[in-house]
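Each chain, written out:
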Amino acid sequence: MAAVEAQPQFHVLAVDDSLIDRKLIEKLLKTSSYQVTSVDSVCKALEFLGLLNEEDQRNSDIKVHLIITDYSMPGMTGYDLLRKIKESPSLKDIPVVIMSSENIPSRINRCLEEGAEEFFLKPVQLSDVSKLKPHLMKENSKEIPSRCSSSGPQQCFWPASSICI
């Protein structure tokens, strides 16, 4: 009998200074079968990602597939984290989702223009979490080398990108 390969578990870094909101997003993500690391500040997120100090190097053993962060936090904001991620050559392709309890159109537009994949209004709901999957698949497909030729119409199926029709 052949062993069935398990679906890869996506790792999400959740950043929120509110314990209640952090526990909520963690529960929603875990319910949707994500591996979750939660931190309570942008500084801790940057430390986890290896970006806190210039001499820090990203821990290659830790793979984060998506970052979801609150916008309003003491010290550095979620917007600041977004900019740091997008400025990092090794992290810029990680999708970032911003969440906030404040519906301020200029803030939402600024985050989306700077590269946020989504902007969720709090409280985050399970229906919001379902919107994350396409961003994870898009980010993960960049890591899979394509074995499909570029000539002629074809479809490639993830995760086995070597299966082309």
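All values reported here derive from a predicted model rather than from experimental measurement. (Residues numbered from 1 in each chain as written. Predicted model: local features only at pLDDT ≥ 70, side-chain atom pairs only at ≥ 80, totals over all residues. Heavy atoms only, no water.)

A.B. asks: Summarise the overall build of the protein; cite the residues concerned and give the values.
C.D. replies: For the protein, the count of helices and strands is 6 helices and 5 strands. Each helix and strand of the protein, ordered N terminal to C terminal, gives the series β-α-β-α-β-α-β-α-β-α-α. Put simply, the protein has 165 residues, and 38% of those count as buried. Residue pairs in contact within the protein that sit at least 24 positions apart in sequence constitute 58% of those at least 6 positions apart. As presented, the protein carries roughly 9,600 Å² of accessible surface, and 51% of it is formed by carbon and sulfur atoms. (Helix = DSSP H or I, 4+ residues; strand = E, 2+ residues; numbered from the N terminus. Buried < 20%, exposed > 50% of the residue type's maximum accessible area, 1.4 Å probe, protein only. Contact = heavy atoms within 4.5 Å. Areas by Shrake-Rupley, 256 points an atom, 1.4 Å probe, with all protein chains shown as cover.)

A.B. asks: I'd love a proper account of the sheet that holds strand 2 (residues 35–39), names of residues and values included.
C.D. replies: Strands sit in the order 2-1-3-4-5 across an open sheet of 5 strands; the sheet is parallel. Edge positions in the open sheet fall to strand 2 and strand 5 (118–121), since each of these has one partner strand only. Adjacent strand axes in the sheet meet at a mean angle of 20 degrees when their direction is disregarded. Of the pairings in the sheet, the one linking strand 3 (residues 66–70) to strand 4 (residues 96–100) comprises 4 bridges and is parallel in character. Looking at strand 4, one finds that Thr69 is bridged to Ile98. Across the face of the sheet, helix 1 (residues 19–31) comes into contact with strand 1 (11–15), strand 2, strand 3 and strand 4 while running at roughly 170 degrees to strand 2. (Pairing = 2+ DSSP bridges. Axes fitted to C-alpha atoms, helices over the stretch in contact; angles between N-to-C directions.)

A.B. asks: Hey, could you go over helix 2 (residues 42–49) for me, with residue numbers and the actual values?
C.D. replies: A turn of α-helix holds 3.6 residues, and therefore any two residues three or four places apart point the same way. Taken as a whole, helix 2 has its buried residues at Val42, Ala45, Leu46 and Leu49. What you see down the axis of helix 2 is that its buried residues fit within an arc of 100 degrees, all on one side. Each element contacted by the buried residues of helix 2 is listed here: strand 1, strand 2, strand 3 and helix 3 (78–87). Of the residues trailing helix 2, Gly50 is marked for its positive phi of about 80 degrees. (Arc of directions from axis to C-beta.)

A.B. asks: Explain helix 4 (residues 105–113) residue by residue, including any values.
C.D. replies: Of the positions making up helix 4, those classed as buried are Arg107, Ile108 and Cys111. Along the axis of helix 4, the buried positions cluster into a sector of 100 degrees, meaning they face one direction only. Opposite the packed face of helix 4, turned more than 90 degrees from it, sit the exposed residues Pro105, Ser106 and Glu113. Residues of helix 4 that are buried make contact with helix 3, strand 4 and strand 5. At the C-terminal side of helix 4, Gly115 shows a positive phi close to 115 degrees.

A.B. asks: So what about the pairing of strand 1? Which residues, and what values?
C.D. replies: Among the 5 residues that make up strand 1, 5 are buried, leaving the element largely enclosed by the rest of the structure. Every second residue of strand 1 is oriented toward a common face, with His11, Leu13 and Val15 on one face and Val12 and Ala14 on the other, all of them buried. One ladder, built from 5 bridges, connects strand 1 with strand 2; its direction is parallel. Pairing of Val12 across the sheet is with Val36, part of strand 2. Chirality of the crossover, the property in question, places the unit of strand 1, helix 1 and strand 2 among those that are right-handed. (Right-handed = clockwise from strand over helix to strand, strands pointing away.)

Shape descriptors only; they carry no functional weight alone.
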